2 protein chains.
Amino acid sequence: MHQPLPATNSMNGAESLVRTLVDSGVEVCFANPGTSEMHFVGALDRIEGMRPVLGLFEGVVTGAADGYARMTGKPAATLLHLGPGLANGLANLHNARKVPVPMVNIIGDHASAHQGFDAPLTSDVAAFARPVSHWVHSSPNARSVAADAARAVQAARNAPGQIASLILPADTAWLAADRPAAPLPVLGPAPVSDSAVAQSVAALKAGGPVAFLLRGEALRGRALAAAGRIAAKTGARLICDTFVPRVERGAGRIRVERLPYRPGPALEFLEGTQTLILVGAQAPIAFFAYPGQPSELTPPGCRPLVLAFPHEDGTGALEALAEAIGATAPGKASAHAPPALPADGPITAEGIMRIAGHFLPENAIISDETISSGFPFYPLNETAAPHDSLQLSGGAIGDGMPVATGAAIACPDRKVVSLQADGSAMYTLQSLWTQAREKLDVTTVIYANRAYKVLMDEVAGVGLGSVGPRGQSMFDIGNPDLDWVKLAEGMGVEAVRAESHAALAAAFKAAMGQRGPRLIEAVL
Amino acid sequence: MHQPLPATNSMNGAESLVRTLVDSGVEVCFANPGTSEMHFVGALDRIEGMRPVLGLFEGVVTGAADGYARMTGKPAATLLHLGPGLANGLANLHNARKVPVPMVNIIGDHASAHQGFDAPLTSDVAAFARPVSHWVHSSPNARSVAADAARAVQAARNAPGQIASLILPADTAWLAADRPAAPLPVLGPAPVSDSAVAQSVAALKAGGPVAFLLRGEALRGRALAAAGRIAAKTGARLICDTFVPRVERGAGRIRVERLPYRPGPALEFLEGTQTLILVGAQAPIAFFAYPGQPSELTPPGCRPLVLAFPHEDGTGALEALAEAIGATAPGKASAHAPPALPADGPITAEGIMRIAGHFLPENAIISDETISSGFPFYPLNETAAPHDSLQLSGGAIGDGMPVATGAAIACPDRKVVSLQADGSAMYTLQSLWTQAREKLDVTTVIYANRAYKVLMDEVAGVGLGSVGPRGQSMFDIGNPDLDWVKLAEGMGVEAVRAESHAALAAAFKAAMGQRGPRLIEAVL
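Throughout this document, residue positions are counted from 1 along each chain, in the order its sequence is written. Key to labels: chains lettered from A, ligands numbered from 1, both in the order written. pLDDT decides what is reported in this predicted model: residues at 70 or higher carry local features, side-chain atom pairs at 80 or more are listed and counted, and totals for whole chains, interfaces and linings draw on all residues regardless. Side-chain metrics rest on all non-hydrogen atoms present in the structure, leaving aside hydrogens and water.

As named in an unreviewed UniProt entry, chain A is Acetolactate synthase large subunit, taken from Labrys neptuniae. UniProt positions are given in the numbering used here, feature names are shortened, and annotations may be inferred rather than shown by experiment. Note on chain A: under the UniProt heading Sequence similarities (unreviewed entry), the record states "Belongs to the TPP enzyme family."

Here you go:
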């Protein structure tokens, strides 16, 4: 039996798909295509309105779509090649699912009549997609592709954002379709009930120590302003998770405390809280389990209370709550007092954060995958110029540089600063090439400590007394040392190595004054 | 509720696991651990007999375990961090499943009591594992880990080799276990029935054109010698798949023809064959579906006949068949006539293959991920020094350099030559760092054509008339060009660029005369 012949005089499935995506507001496609996606590429080529951005590895593609969505609130499309291409993008889809962001994955599959033959690249694409997707569908024929695409965008955009994975068998791309499908209505954030607001009012009026745990929209704009008014009026604390998808920080913004990473410090941090009001967040959970320590970090005697679930209108809820308690005076905003530069000398993690905060331009975006090197010095940028901070929300390392890439595509007029641990950087270093090709305004600072330092820090935490050389070799990523200047230059990104605070400050300051991708290896 | 405390006076689950693996003959662990696998690392540290090899990305880890298994026939362990760490290794597990090879994946998971809380790194680990695994199990408690490990090794070693994925919740690693488990019996290749041999005898005696399609063990050693005797006696053709996991080639070996990649040429190649005798192979299938072309490549009028299924003893079957037809005279072995060097001038894909074949040392291992650049020139090495050739068996690009890495760990006394397309190389370039750390004797030659050339070649095949600049930008991986010398040096591997045949020949010859990792960027 031969495969059917392609559409000739009419629109094909791929064209109906691309037109539908464009009509539904999808403007960017992060892509790493293969043979089975050629008709989609052909459609991208012929149809105006969708910018294709090539990644040389699929982890870059999915992580960039995450960063783009965090900054725009809109889904990008990804284009992935069969099961293995999707597989390479799964870790950053895991992260994106945990944010969550809207995203439409288009995953090519073998032509329908080819799927039963166990060709080398045959795999269960839907099985790969399911663990990271809120919505999975395989188009059964070319004439249904457009409607499926409209449904995928709808699923992606439903609040608070979902991962929609549309599987596109190659023949459904090349066969004849009818027409694009019209955009479908999208469910925005659900309104929060009066009773939810009333419960929070009661908790605040009860007078015991109250803290708000904020996530999602609640860490930005009107929501954050309302939270600030509530805090000013009531003395309630404003807290965010250790890793948040996006938070507005810096001068003029309301200060939000960051929950510590490890269970012990997190419990101490929350100790005495009587009510923990959740706005788009879940009750706090330890990142990892440790022997003899709890998983749940809500301290004994503290009651978690949901003001807004993640799919609900946290902004409206915070504003209603502020109004209900008469919190009209503005909250206390951070001063504009960028951190002082460190003294010259060997580079420290604190020094990097000081330098980045000192020179940070107004309205910059920080993609923060500093992990253990960044935690203690995070507060320093509270008084830097106003900026957005994007963090490793799903815990799967290797999203910092792709997220920076997507954020730069989303916001071409804003400087992106990618603060990046070296071990994690190696997972998706191909991001630098896309930054070079697209001439993105991203400055990457590599924390070159030449170790999986977070693991070294964990030896005691997990109850291992000590680890000898064979075990240590699993945490040590030196021997040989990575040369990030060469790695970056190898992908077309200008780079420089800094081994002192003075050199780092000079390089970073220069990068802030220019446009285009740059990398600075900060040797710790 | 707090997590339970670790074992103190007795062996813990991780120790029982490592001891069981060692007792079952697992000698190497390719690893990229995280917090949840720290106790396994601690056990690796304390227990002799398992060599840990760190990869800076999980695709390196799983691909190296594949290469190791192809060369030794034995499973390596992999150590992977939770669902996302496994996800990063899935594409090369897909490849390994398609070989198939034996492999034991140890995948950490959150502690049992932590799994219900949707921590950032929580995911459905088993769901990620299933599509690429023949055997998946999550240890329910520390005392069962040893027995589970013995079963995992058994599953991995059952013929023809399977992917066994053992999920290890962190608490089952740190809590007290009893003792290691003894190795379990393994099912070797099943004997082929007399009737299967008799059917093949009849087909050969019937006199119509017969071809053998060989895979697995049938492409090596005694099996290949027996196939050669049969071919000499009967005139039957010996054929292998376009991509085989491993084949013994070169001077003194029996020549096996390679099935062309695209359906049209493959059908022509097989035209007139009356019986296609399958030894460890399936009937041939097109790699991709193309409009208007068939998926099945067995030509009309040709009968496929299974002499040995992949789990059966193809070697014994071929020897029995040779004996049954009185094929005692040795087959025609390839002469020793290495390809002539190309004339000096700009580098061509043919030139690279000639130079590699010309200088190839005896008993080398070629890891071949040359894809479209390699196909036409593959026959050149038929008369090179005897060697093993390992190819991209599952079609998921990015296994060439990891497979080379694992093969070098498996065979420290043999030179490994990694012939590598540049686009595919970017998927798992972190392999070079492991080659540097372990001082592996691998020479990588990058075919720097700066394109996904196979896709450019596919535009016509899939029925796209032409593709304009926006589409072409998805196939072109130049702009900016990758600099493989810098990328390799950035990971501690000596490298040189060659832009002429003379320069390439000099660099390759020098690399063959030295030990240790080297990379040559051959600019096409």
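### Thoughts on the overall build of chain A
Scanning chain A for helices and strands turns up 19 helices and 18 strands. Each radius of gyration is computed over the set of C-alpha atoms, and the globule rule expresses the reference value as 2.2 Å times the number of residues to the power 0.38. Expected size for 524 residues packed as a compact globule is a radius of gyration near 24 Å; at 24 Å, chain A falls within 12% of this value. Once the C-alpha set of chain A is aligned to its principal axes, its extents read approximately 70 × 60 × 45 Å. Within chain A, the fraction of its 524 residues that count as buried is 67%. Nonlocal contacts in chain A, meaning residues at least 24 apart in sequence, comprise 81% of its contacts between residues at least 6 apart. Method for areas: the Shrake-Rupley scheme with a 1.4 Å probe, in which residue coverage is limited to the protein chains shown. Carbon together with sulfur atoms contributes 53% to the accessible area of chain A, which is approximately 16,200 Å² in total. Lys and Arg are tallied as positive, Asp and Glu as negative. Neither His nor the chain termini are counted. By convention, the point assigned to a charge is CZ for Arg, NZ for Lys, CD for Glu and CG for Asp. A gap of 4 Å separates the mean positions of the 40 positive and 47 negative side-chain charges of chain A. Labels follow the DSSP assignment, with helices taken as runs of H or I lasting at least four residues and strands as runs of E lasting at least two, numbered in each case from the N terminus. With a 1.4 Å probe rolled over the protein chains alone, any residue whose accessible area is under 20% of its type maximum counts as buried; one over 50% counts as exposed, and the rest are partly exposed. Only heavy atoms enter the contact rule, under which two residues are in contact if any of them lie within 4.5 Å.

### A few points about the sheet that holds strand β12 (residues 303–308) of chain A
All names here are of chain A. In this description, strands pair whenever DSSP reports at least two bridges between them. Strand order in the open sheet made by the 5 strands is β10-β8-β7-β11-β12, with parallel pairing throughout. Unpaired on one side and paired on the other, β10 (257–258) and β12 mark the two borders of the sheet. Of the strand pairs in this sheet, strand β7 (residues 210–214) and strand β8 (residues 237–240) are connected by 4 bridges, and their pairing is parallel. By the bridge assignment, leucine 213 is partnered in β8 with isoleucine 239. Contacts between helix α8 (residues 194–206) and the sheet are confined to β7, β11 (275–279) and β12, with β12 contributing the most and set at about 135° to the helix. Axes here refer to lines fitted to C-alpha atoms; in helices the fit is confined to the stretch in contact. Angles between the N-to-C directions go from 0 to 180 degrees.

### Description of the domain arrangement of chain A
All names here are of chain A. Domain boundaries in chain A define domain 1 (13–174), domain 2 (194–324) and domain 3 (349–523). By convention here, the domain bounds are inherited from an automatic or database domain assignment. Relative to domain 3, the C-alpha centre of domain 1 lies at a distance of 29 Å. With 25 residues of domain 1 in contact, the opposing surface of domain 3 contributes 28 residues. Buried surface area refers to the total accessible area, computed with a probe of radius 1.4 Å, that the two partners give up upon joining, counted for both partners together. Note on domain 1 versus domain 3: buried area summed over both sides is about 1,900 Å², and carbon and sulfur give 66% of it. For domain 1, the biggest contributors to the area lost against domain 3 are Val60, Arg70 and Met71; these three give 30% of the whole. Each salt bridge in this description consists of a side-chain nitrogen of Lys or Arg and a carboxyl oxygen of Asp or Glu lying within 4 Å of one another. Put simply, domain 1 and domain 3 have 2 salt bridges between them. The salt bridge involving glutamate 438 is made with arginine 51; its shortest N-O contact spans 2.9 Å. Here a polar contact is taken to be a pair of N or O atoms separated by no more than 3.5 Å, where protein atoms must pair a possible hydrogen donor with a possible acceptor and residues adjacent in sequence count only if both atoms sit in side chains. Across the domain 1-domain 3 interface, the total number found is 9 residue pairs in polar contact (both at pLDDT 80 or more).

### Digging into the interface of chain B and chain A
Listed by partner, the interface residues are 109 residues for chain B and 108 residues for chain A. Of the roughly 9,000 Å² buried at the junction of chain B and chain A (both faces included), carbon and sulfur atoms supply 63%. Three residues, Met38(B), Arg470(B) and Met474(B), lead the burial of chain B against chain A; their summed loss comes to 9% of the area buried on that side. Where chain B meets chain A, there are 8 salt bridges. Put simply, Glu48(A) and Arg470(B) hold a salt bridge, and the shortest N to O gap is 3.3 Å. Counting every contact that joins chain B to chain A gives 62 residue pairs in polar contact (both at pLDDT 80 or more). Elements supplying a minimum of two residues to the side of chain B that touches chain A: α2 (38–46), β2 (51–54), α4 (82–98), α5 (125–129), α15 (431–437), α16 (453–461), α17 (469–472) and α18 (484–490) of chain B. The dominant element in the side of chain B that touches chain A, judged by the number of residues it contributes, is α4(B), at 9 residues.

### Focus: unusual backbone geometry
Cis rather than trans, the peptide bond between Val99(A) and Pro100(A) has omega equal to -15°. You can see Pro100(A) is positioned in the loop between α4 (82–98) and β4 (103–109). For Asn363(A), which is not a glycine, the phi torsion comes out positive at approximately 70°. Residue placement: Asn363(A) occurs in the loop between α12 (349–359) and β13 (364–369). Residues other than glycine seldom take positive phi values, yet Ile371(B) does so here, at roughly 50°. The topology assignment puts Ile371(B) in the loop between β13 (364–369) and β14 (387–391).

### Considerations on the sheet that holds strand β17 (residues 494–498) of chain B
Residue and element names in this part refer to chain B. As summarised here, the arrangement of the 7 strands in space is β9-β14-β13-β15-β16-β18-β17, forming an open sheet in which the pairing is mixed. A single partner strand is all that each edge strand has here, and the edge strands are β9 (247–249) and β17. Going across the sheet, the axis of each strand differs from the next one's by a mean of 20°, ignoring polarity. Packing against the sheet, helix α19 (residues 501–512) makes contact with β15 (416–421), β16 (442–448), β17 and β18 (518–523), and its axis sits at approximately 165° to β18.

### Here we look at the pairing of β13(A)
All names here are of chain A. The element β13 is extensively covered by neighbouring structure, given that 6 of its 6 residues are classed as buried. Of the two faces of β13, both are covered, the one formed by Ala364, Ile366 and Asp368 as well as the one formed by Ile365, Ser367 and Glu369. Of the pairings in the sheet, the one linking β13 to strand β15 (residues 416–421) comprises 5 bridges and is parallel in character. Bridging from a neighbouring strand, isoleucine 366 pairs with valine 417 of β15.

### Here we look at the packing of helix α9 (residues 221–234) of chain A against helix α11 (residues 314–324) of chain A
Pairs of packed helices are described in terms of their axes, by the angle between the two and the distance that separates them. Residue and element names in this part refer to chain A. Where α9 contacts α11, the two axes come as close as 8 Å, and the packing angle between them is 30°. Compared by their axis directions, α9 and α11 come out roughly parallel. In the packing of α9 onto α11, the handedness of the crossing is left-handed. On α11, the residues that touch Arg222, Ala223, Ala226, Ala227, Arg229 and Ile230 of α9 are Thr315, Leu318, Glu319, Leu321 and Ala322. Gly is put with the polar residues, along with every residue not named as nonpolar or charged; the nonpolar set is Ala, Val, Leu, Ile, Met, Phe, Trp, Tyr, Cys and Pro, and the charged set is Asp, Glu, Lys and Arg. Partitioned by chemical class, the residues of the contact of α9 with α11 number 7 nonpolar, 1 polar and 3 charged. Working rule for angles: under 35 degrees goes down as roughly parallel, over 145 as roughly antiparallel, 65 to 115 as roughly perpendicular, anything else as oblique. Here a crossing is taken to be left-handed if its near helix is turned anticlockwise relative to the far helix by less than a right angle, and right-handed if that turn runs clockwise.

### Structural notes on the relation of the copies chain B and chain A
When the copies are superposed, the least-squares fit draws on C-alpha atoms of residues that have pLDDT of at least 70 in both. Overlaying chain B on chain A yields an RMSD of 0.0 Å, the required transformation being a rotation through 180° with an accompanying axial translation of 0.0 Å. Taken together, the rotation angle and the small translation identify this as a two-fold axis. Both copies share a contact surface, since 99% of the interface residues of chain B are interface residues in chain A too.

### Side note on the packing of helix α3 (residues 58–72) of chain A against α4(A)
Residues and elements named next belong to chain A. Axis separation between α3 and α4 bottoms out at 7 Å; the angle between their running directions is 30°. It follows from the interaxial angle that α3 and α4 lie roughly parallel. Handedness of the crossing formed by α3 with α4: right-handed. Note on element contacts: α4 touches α3 through Gly85, Asn88, Gly89, Asn92, Leu93, Asn95 and Ala96, opposite Glu58, Gly59, Thr62, Gly63 and Asp66. Considering only residue class, the contact of α3 with α4 consists of 2 nonpolar, 8 polar and 2 charged.

### Some remarks on the UniProt feature "domain: Thiamine pyrophosphate enzyme N-terminal TPP-binding" (unreviewed entry) in chain A
Within the UniProt annotation, "domain: Thiamine pyrophosphate enzyme N-terminal TPP-binding" (unreviewed entry) is assigned to residues 11–116 of chain A. Helix makes up 49% of residues 11–116 of chain A and strand 19%, with an end-to-end C-alpha separation of 27 Å.

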